[in-house]
Amino acid sequence: MIGPDSATHLTQGNITLLSASPFSAETDFSEINHYFAERPLNDLLAWSLVTFGSKVALVTSFGPTGMVVLDHLAKLNPGVKVITVDTDFLFEETYALRERVQRRYPIQLEIRKSTLTPAVQAQLYQPQLWQVNPDLCCHLRKVMPLAEVLQGYEAWLTGLRRDQASTRTDLPLLAWDAKHNLVKINPLANWTRGQVWSYLLENDVPYNHLHDLGYGSIGCTHCTRPTSDPADERAGRWQGRGKVECGIHYSV
Ligand code: SF4
């Protein structure tokens, strides 16, 4: 179940790697989800690295959960691939965190952007597209750049958790991602917000300082506000626009 017999072996950091994904849209992931449900995070991460080799990457915007995964991965396998999408509208604090992460962790960080600069987007669409059509703005600046880079992969790791939003309550540890045509791994699906913050603080993992100022979930400057209820993490995203997801993980 864990990997294909015919896989070739490679070496990356501390991990011996297999290659060639045995998974497809027809795969039944229930057994493997059950297997990892009660096992430590590192077991699933190590399995992901061994199974997919250089064809797996963590995709993160350096949120708290993503930082927990990144911290584990970098220790487990120095040189691990990490992808982040830069919308060109991020907070200074987010860029500062990204630099801190690059200095501290031995990762291969790939920064992806839209081919449209903000100025060209404003010319082609609307000066403030995020106001009049945030779904299109997210599609241009987040969804498309990520879809392009994921074409070269067989699996991606996310920082999603079930307790983050009503849209995420059924989140599995592993599933086939039909949108991107690869395996999607949500290693912290069953972690709580409290567990995440305990890990960050106990292990001195860097996090975005905006969280100390009341921001729950942090995206673009135009669409992110502090929240009065810190437990409702995504309440500060797209406030008043009836939007709760950017479209990377769920359809909007
Ligand atoms: S979060 Fe807002 S500014 Fe950022 S890409 Fe989406 S709509 Fe545009």
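Keep in mind it's a predicted model, so treat the numbers as computed, not measured.

Enquirer: Sorry if this is basic, but what is going on with the packing of helix α3 (residues 64–76) against helix α8 (residues 193–202) here?
Expert: Where α3 contacts α8, the two axes come as close as 9 Å, and the packing angle between them is 55°. Between α3 and α8, the crossing angle belongs to the class labelled oblique. Regarding α3 and α8, the two cross each other, and that crossing is left-handed. In contact with Pro64, Thr65, Met67 and Val68 of α3, α8 contributes Val196, Trp197, Tyr199 and Leu200. Looking at the contact of α3 with α8 residue by residue, the class counts come to 7 nonpolar, 1 polar and no charged.

Enquirer: Got a minute to help me understand unusual backbone geometry in this structure?
Expert: Excluding glycine, residues mostly carry a negative phi; peptide bonds, for their part, are mostly trans. Look at Asn181: it is not a glycine, yet its phi comes out positive at around 65°. Within the element layout of this structure, Asn181 appears in the loop between β7 (174–177) and β8 (182–185). Even without a glycine there, the phi angle at Asp204 is positive, about 50°. Within the secondary structure layout, Asp204 lies in the segment after α8.

Enquirer: Help me understand the site of the ligand, please; the structure alone is not making it clear to me.
Expert: Looking at the ligand, there are 13 residues lining it, with Pro134, Cys137, Cys138, Cys220 and Cys223 nearest. Considered class by class, the residues forming the shell around the ligand number 8 nonpolar, 3 polar and 2 charged.

What counts, and where the lines are drawn
Numbers given for residues are sequential positions, taken from 1 along each chain in its written order. Residue-level local features of this predicted model are given only where pLDDT is at least 70; pairs of side-chain atoms are given and counted only at 80 or more, and the full residue set underlies all totals for whole chains, interfaces and linings. Angles shown run from 0 to 180 degrees and are taken between the N-to-C directions of axes, each axis being a line fitted to C-alpha atoms and, for helices, limited to the stretch in contact. The numbering of helices and of strands both runs from the N terminus, where a helix is a DSSP run of H or I of at least 4 residues and a strand a run of E of at least 2. To sort the angles, those under 35 degrees are grouped as roughly parallel, those over 145 as roughly antiparallel, those from 65 to 115 as roughly perpendicular, and the leftovers as oblique. Handedness of a crossing is defined here by the sense of rotation of the near helix relative to the far one, left-handed for an anticlockwise turn of less than a right angle and right-handed for a clockwise turn. Note on contacts: each residue gets a C-beta atom placed from the backbone, and two residues are in contact if those atoms are within 7 Å. Classification convention: Asp, Glu, Lys, Arg as charged; Ala, Val, Leu, Ile, Met, Phe, Trp, Tyr, Cys, Pro as nonpolar; all other residues, Gly among them, as polar. Should the C-beta atom of a residue, placed from the backbone, lie within 6 Å of a molecule or strand, that residue is near it.

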